[in-house]
There are 2 protein chains.
Amino acid sequence: MAIGIKISLNDRLYLRDPQETPLGQKIIRHSILLIDEIGFEAFNFKKLAKRMNSTEASVYRYFENKHLLLIYLVSWYWEWVSYLIDINTMNIEDPERRLKIIIENFVYASKENPSIEYVNESVLHRLIIAEGTKAYHTKMVDEENRDGFFSNYKTLVQKVANVISEINSEFPYPRALASNMFEMANNHIYFAQHLPRLTDVTVNDENFDEVEVMIEFFANALLHNCPGKE
Amino acid sequence: MAIGIKISLNDRLYLRDPQETPLGQKIIRHSILLIDEIGFEAFNFKKLAKRMNSTEASVYRYFENKHLLLIYLVSWYWEWVSYLIDINTMNIEDPERRLKIIIENFVYASKENPSIEYVNESVLHRLIIAEGTKAYHTKMVDEENRDGFFSNYKTLVQKVANVISEINSEFPYPRALASNMFEMANNHIYFAQHLPRLTDVTVNDENFDEVEVMIEFFANALLHNCPGKE
DNA sequence: TATAATTGATAGTATTGCTATTATAAGTGA
DNA sequence: TCACTTATAATAGCAATACTATCAATTATA
């Protein structure tokens, strides 16, 4: 627990706060590793319990079901990226430079120093890339949205949108660009790894530079006056 | 079956070709309606069989499992959008106008005349928006990609990328822009409906005009010379 | 030291995801 | 027309999943 960051997440996501107890922390740690390993569909609480030498019933005391656990993990990631952006853009005046850092953090969230011992941020990043959007693509999205389950994402998007508006106050789609940059970062890493004909960038191993350059290119093209602009 | 279009889909997606028999067509029709209604997670073959007055075992003779059925439906959609683009851009020389039509088809696929009686294209479009990306966000993606399960998407993206390159042969990311426009169309309709703070557009009922305008704006900004371009 | 709270161990239930078996109906080919 | 294949229905069954309940063992707390 190097730095004193406290990830604040909606307390309706869990039955008992997993950050507070060793067992809860084990659930977080091992669910990240296991979902990454076998995929969210094959993942369940029985397998998780076995992996961490606990019991199914114990896991159910922390989370109602695996879907809420996923939202918890995804929210964690959104919060963590927000936090990275905050510390890395602190004291930087120029909004253009701030946006560049934001893009870097979208693409390279995993490369930052881990801040909490029971969360492997690098694996979590892989998990978000592969499974992240499943958190809000469900029939319960409206209800869960009312309960504030996605507020961390909204806060992150608003933070980025503010920088976009600072760069170009005339730009009509600051939030859409912000969410699109985030989704694009994840999508095109995934495409490059699994469906390369859907993108033009390549990634190898831990090097996502081309994705970063592409998103910068998109952002620059959109935020500086263009003939096509209406 | 108004027009003589034959949707050609990878025959490894099914055990028996559902297009060939009345029961197969019933499976397609009702799976679209039922997934749209209850969501992909809650959907299963037992419920589908009950809904269409058949039996679980009969459905299993056509599709191995619900995941392959989803890929089948998503592939159908990709093929159908490809087809719409083909007929709607036929005889149009100007690539800018062709791209505009492509964007319109991405956003308004549902508004076109239905072409096959057992596929409700409007409901299918909703299904794609809500569940589409689950087709390729699984642990089996590489294997399924090797089997050609996503080739319809690749073909569609390549078709659009070609138009992009015609407009601006210097543009370095034609495929990424193509796939991004497609995903963005679906995403921002979904956001506007369920998570409006993640976008800047609004949609009401069947009117997605703002999404269309936004994607045109993005495409124009990117494809015409900008100071930010490297 | 009494008490409360947490976890483990075990069992149990309803549903899901699928396979197998047999019966019936419908079409086909000689 | 009869044998013959094929598709579907009806039913059963099984292993896995998604939980819930109970109670004992342990640990923390007052």
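Structure's up top.
1. Topic: the packing of aromatic side chains
- Enumeration over the complete set of coordinates arrives at 41 aromatic pairs over all chains.
- With centroids separated by 5.2 Å and ring planes inclined at 70 degrees, the aromatic side chains of Phe63(A) and Tyr72(A) adopt a geometry described as edge-to-face. Each of the two residues, Phe63(A) as well as Tyr72(A), counts as buried.
- Considering the side-chain rings of Tyr173(A) and Phe218(B), the 6.1 Å spacing of their centres and the 50 degrees angle between planes classify their relative orientation as tilted. Remark: Phe218(B) occurs in helix H10 (residues 209–223) and Tyr173(A) occurs in the loop between helix H8 (151–167) and helix H9 (174–194); the pair is interchain, linking two chains.
- The aromatic ring of Tyr62(A) is capped on one face by Arg16(A), whose charged end is 5.5 Å from the ring centroid.
- Here Lys66(B) stacks its cationic end above the ring of Phe40(B), 4.7 Å away from the centre of that ring.

2. Some details on the packing of helix H4 (residues 66–89) of chain A against helix H5 (residues 95–108) of chain A
Residues and elements named next belong to chain A.
- It is the contact of H4 with H5, at a shortest axis distance of 10 Å, that shows an interaxial angle of 145 degrees. In this structure, H4 crosses over H5, and the sense of that crossing is right-handed. Along its contact with H4, which presents Tyr77, Val81, Leu84, Ile85, Asn88 and Thr89, the element H5 presents Arg98, Ile101, Ile102, Asn105 and Phe106.
- Here the residues of the contact of H4 with H5 sort into seven nonpolar, three polar and one charged.

3. Remarks on the protein's contact with DNA strand C
- Residues in close proximity to DNA strand C total 14 residues, the closest being Ser54(A), Arg61(A), Tyr62(A), Asn44(B) and Glu56(B).
- Near the protein, within 4 Å, the atoms of DNA strand C are sugar or phosphate in 55% of cases.
- For DNA strand C, a phosphate oxygen lies 3.1 Å from a polar atom in the side chain of Arg16(A).
- Ser58(A) has a polar side-chain atom sitting 3.1 Å from a phosphate oxygen of DNA strand C.
- Among the elements that take part in the surface near DNA strand C, helix H3 (residues 56–60) of chain B stands out by supplying three residues, more than any other.

4. Observations regarding the protein's contact with DNA strand D
- The local shell around DNA strand D holds 17 residues, among which Asn44(A), Glu56(A), Arg16(B), Ser54(B) and Tyr62(B) are the closest.
- The separation between a sugar or linking oxygen of DNA strand D and a polar side-chain atom of Tyr60(A) is 3.1 Å.
- Between DNA strand D and Ser58(B) there is a distance of 3.1 Å, counted from a phosphate oxygen to a side-chain nitrogen or oxygen.
- The element best represented in the surface near DNA strand D is helix H3 (residues 56–60) of chain A, accounting for three residues.
- Looking at the surface near DNA strand D, its residues break down into four nonpolar, seven polar and six charged.

5. Notes on the relation of the copies chain B and chain A
- If you rotate chain B by 180 degrees and push it 0.0 Å along the axis, it lands on chain A with an RMSD of 0.0 Å. Such a combination of turn and shift is consistent with a two-fold rotation axis.
- When the interface residues of chain B are mapped onto chain A, 100% of them are again interface residues, pointing to one common binding face.

6. A closer look at the environment of His194(A)
- Residue placement: His194(A) occurs in helix H9.
- Its relative accessible area of 19% is what places His194(A) among the buried residues.
- Distance in space between the C-alpha atoms of His194(A) and Glu41(A) is 18 Å, their sequence separation being 153 residues.
- If we ignore the near neighbours within four places in the chain, the residues touching His194(A) are Val141(B), Asp142(B) and Asn145(B).

7. A look at the interface of chain B and chain A
- Taken together, the contact pairs 60 residues of chain B with 60 residues of chain A.
- Summed over both sides, the interface of chain B with chain A buries roughly 5000 Å², with 62% coming from carbon and sulfur.
- Considering only the surface of chain B that becomes buried against chain A, His137(B), Tyr173(B) and Phe217(B) emerge as the three largest contributors, covering 14% of it.
- The tally of links between chain B and chain A comes to two salt bridges.
- A salt bridge links Arg175(B) to Asp200(A); the shortest N-O distance between them is 3.9 Å.
- Taken together, the connections running from chain B to chain A amount to 20 residue pairs in polar contact (both at pLDDT 80 or more).
- Elements that contribute at least two residues to the side of chain B that touches chain A include exactly helix H1 (22–38), helix H6 (121–131), helix H7 (141–146), helix H8 (151–167), helix H9 (174–194) and H10 of chain B.
- Taken together, the residues of the side of chain B that touches chain A sort by class into 30 nonpolar, 16 polar and 14 charged.

Calculation criteria
Think of each chain on its own: its residues are numbered from 1, step by step along the sequence as written. Following the order in which they are written, the chains are lettered starting with A and the ligands numbered starting with 1. Note on the predicted model: pLDDT of at least 70 is required for a residue's local features to be given, and 80 or more for side-chain atom pairs to be given and counted; whole-chain, interface and lining totals, by contrast, use all residues. Note: side-chain values were computed over all heavy atoms of the structure, leaving out hydrogens and water. Ring pairs shown here join Phe, Tyr and Trp side chains whose ring centres sit within 6.5 Å, with only the six-membered ring taken for Trp; geometry is labelled stacked below 30 degrees between planes, edge-to-face above 60, and tilted in between. A 1.4 Å probe rolled over the protein chains alone gives each residue an accessible area, and that area as a share of the maximum for its type sets the label: buried under 20%, exposed over 50%, partly exposed in between. What counts as a helix is a DSSP run of H or I of at least four residues, what counts as a strand is a run of E of at least two, and both are numbered from the N terminus. Geometrically, a charge over a ring is one whose NZ (Lys) or CZ (Arg) sits within 6 Å of the ring centre while staying within 35 degrees of the ring normal. Angles here are taken between N-to-C directions and fall from 0 to 180 degrees, while the axes themselves are lines fitted to C-alpha atoms, restricted in helices to the stretch in contact. The handedness criterion is simple: a crossing whose near helix is rotated anticlockwise from the far helix by less than a right angle is left-handed, and one whose near helix is rotated clockwise is right-handed. Contact definition: two residues touch when any of their heavy atoms are within 4.5 Å. We call Asp, Glu, Lys and Arg charged. Ala, Val, Leu, Ile, Met, Phe, Trp, Tyr, Cys and Pro are nonpolar, and the rest, Gly among them, are polar. When we say a residue is near a molecule or strand, we mean one of its heavy atoms is within 4 Å of it. Contacts described as polar in this section are N or O atom pairs within 3.5 Å, which, within protein, must combine one atom able to donate a hydrogen with one able to accept it, while residues neighboring in sequence count only if both atoms come from side chains. We place the copies in one frame by least squares, fitting the C-alpha atoms of every residue whose pLDDT is at least 70 in both. In this description, buried area is defined as the sum, over both parts, of the accessible area (probe of 1.4 Å) that is lost when the two are combined. The term salt bridge refers to a pairing of a side-chain nitrogen on Lys or Arg with a carboxyl oxygen on Asp or Glu at a separation within 4 Å.

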